[in-house]
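Analysis of the macromolecular model
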Amino acid sequence: MPVLLVVEDETLLHIAIEDELADAGYDLVFISNGTRAIEELHANGQRFKALITDIRLGPGPNGWEVAHRARERLPSLPVLYMSGDSASEWAANGVPNSVMVSKPFAMSQLVTAISQLITEADMRSA
């Protein structure tokens, strides 16, 4: 099963995302803050098929920073951003070939977006 790194600090959203993506066939690693996410990406980043990150993660690095650090190490890693208030900043702060999903969203949107990102990344690397 493809492994996704999900960086989200809201417990209720964490549970909903886990249920939906697991049902779609993904294995998930959840981390609730940017510092730990960057540490995980540097230690084990090659095992992840994609990164899904919230933007506002409390103290420490935000989702923009997490994604930029991920791409330094893994240039083709698909990135999906989730945000309730930062979507307008995506063009300026998002990494290339990424997607923004605005909160609140239907879980099916998340599954569709991450599946498309992974498929596109696989086609680019083939």
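Please refer to the structure placed before this passage.
These numbers were taken from a predicted model, which means no experiment stands behind them.

Moving on to the packing of helix α1 (residues 11-23) against helix α5 (residues 107-125). Here α1 crosses α5 at 60°, and the two axes come no closer than 10 Å. As the angle between them shows, α1 and α5 are arranged oblique. Relative to α5, α1 is oriented so that their crossing is right-handed. Counting all contacts with α1, which are made through Leu13, Ala16, Ile17, Glu20 and Leu21, the residues of α5 involved are Met107, Ser108, Leu110, Val111 and Ile114. Along the lines of polarity and charge, the residues of the contact of α1 with α5 split into eight nonpolar, one polar and one charged.

With that settled, the discussion passes to a negative patch on the surface. On the surface, Glu18, Asp19, Glu20 and Asp23 cluster together to form a negatively charged patch. Inspection of the secondary structure assignment puts Asp23 in helix α1.

Here we come to the side chain of Glu40. One can find Glu40 in helix α2 (residues 34-44). Residues in contact with Glu40, not counting those within four places in the same chain, are Ile31, Gly45, Arg47 and Phe48.

All right, on to unusual backbone geometry then. When glycine is set aside, most residues are seen to have a negative phi, and most peptide bonds are trans. For the bond from Lys103 to Pro104, the omega torsion is -5°, close enough to zero to count as cis. Positionally, Pro104 belongs in the loop between β5 (98-102) and α5. Backbone geometry places Asn97, a non-glycine residue, at a positive phi of 55°. Here Asn97 lies in the loop between α4 (90-93) and β5. On the accessibility criterion, Asn97 (47% relative accessible area) is partly exposed.

Attention now moves to the side chain of Ser86. By the secondary structure assignment, Ser86 is in the loop between β4 (79-83) and α4. Overall, the relative accessible area of 0% leaves Ser86 in the buried class. Within the structure, Ser86 has its side chain in polar contact with the side chain of Asp85 (distance 3.0 Å). When neighbours within four sequence positions are excluded, Ser86 is seen to be in contact with Ile55, Arg56, Trp64 and Met100.

The subject of this paragraph is α1. For α1, with 13 residues, the first-to-last C-alpha span of 18 Å sits near the 18 Å given by 1.5 Å per residue. Those residues of α1 that fall on the buried side of the exposure criterion are Leu13, Ile17 and Leu21. Down the axis of α1, the buried set is contained in an arc of 50°. They therefore lie on one face. Across α1 from its buried face, at more than 90 degrees, point the exposed residues Thr11, Leu12 and Asp23. Downstream of α1 by one or two residues, Gly25 has phi in the positive range, about 100°.

Of all five residues in strand β1 (residues 3-7), five are buried; the element is thus mostly enclosed. Here β1 shows a buried face lined by Val3, Leu5 and Val7 and a second buried face lined by Leu4 and Val6. In this structure, β1 lies alongside strand β2 (residues 27-31), joined through five bridges in parallel fashion. Looking across to β2, one finds that Leu4 is bridged to Leu28. Handedness of the β1-α1-β2 crossover: right-handed. Where β1 meets strand β3 (residues 50-54), four bridges bridge the pair, whose relative direction is parallel. Looking at β3, one finds that Leu5 is bridged to Leu51.

Cut-offs and rules
- Position labels on residues start from 1 in each chain and follow its written sequence.
- pLDDT decides what is reported in this predicted model: residues at 70 or higher carry local features, side-chain atom pairs at 80 or more are listed and counted, and totals for whole chains, interfaces and linings draw on all residues regardless.
- As a rule here, side-chain values come from all non-hydrogen atoms in the structure, and water together with hydrogens is ignored.
- In this description, a line fitted to the C-alpha atoms serves as the axis of each element, helices being fitted only across the stretch in contact, and the angle between N-to-C directions of two axes falls anywhere from 0 to 180 degrees.
- Helix and strand assignments follow DSSP, with helices taken as H or I runs no shorter than four residues and strands as E runs no shorter than two, numbered in order from the N terminus.
- Orientation categories follow fixed angle ranges, with anything under 35 degrees roughly parallel, anything over 145 roughly antiparallel, 65 to 115 roughly perpendicular, and all other angles oblique.
- Take the far helix as the reference: if the near one is turned anticlockwise from it by less than a right angle, the crossing is left-handed, and if turned clockwise, right-handed.
- Any two residues whose heavy atoms approach within 4.5 Å at even a single point are treated as in contact.
- Put simply, Ala, Val, Leu, Ile, Met, Phe, Trp, Tyr, Cys and Pro go in the nonpolar bin, Asp, Glu, Lys and Arg in the charged bin, and everything else, Gly too, in the polar bin.
- What goes into a patch is any residue over 30% in relative accessible area without a salt bridge, connected to like charges within 9 Å or, for nonpolar side chains (Val, Leu, Ile, Met, Phe, Trp, Tyr), within 5 Å.
- The method behind every accessible area is Shrake-Rupley, applied with a 1.4 Å probe, and residues are considered shielded solely by the protein chains displayed.
- One side-chain nitrogen of Lys or Arg within 4 Å of one carboxyl oxygen of Asp or Glu is enough to make a salt bridge.
- Positive: Lys, Arg. Negative: Asp, Glu. His and the chain ends are not part of the count.
- In plain terms, the charge of a residue is placed at NZ if it is Lys, CZ if Arg, CG if Asp and CD if Glu.
- When a residue's accessible area, from a 1.4 Å probe over protein chains only, is under 20% of the maximum for its type it is buried; when over 50% it is exposed; and in between it is partly exposed.
- Think of a polar contact as two N or O atoms within 3.5 Å of one another; within protein, one of them needs to be a possible hydrogen donor and the other a possible acceptor, and neighboring residues in sequence only count if both atoms come from side chains.
- How far a helix is expected to stretch is found by multiplying one less than its residue total by 1.5 Å.
- Our arc is simply the arc of the directions from the helix axis toward the C-beta atoms.
- By definition, two strands form a pair when at least two bridges between them are found by DSSP.
- The handedness rule is simple: strands pointing away from the viewer, and a clockwise path from the first strand over the helix to the second, make the crossover right-handed.

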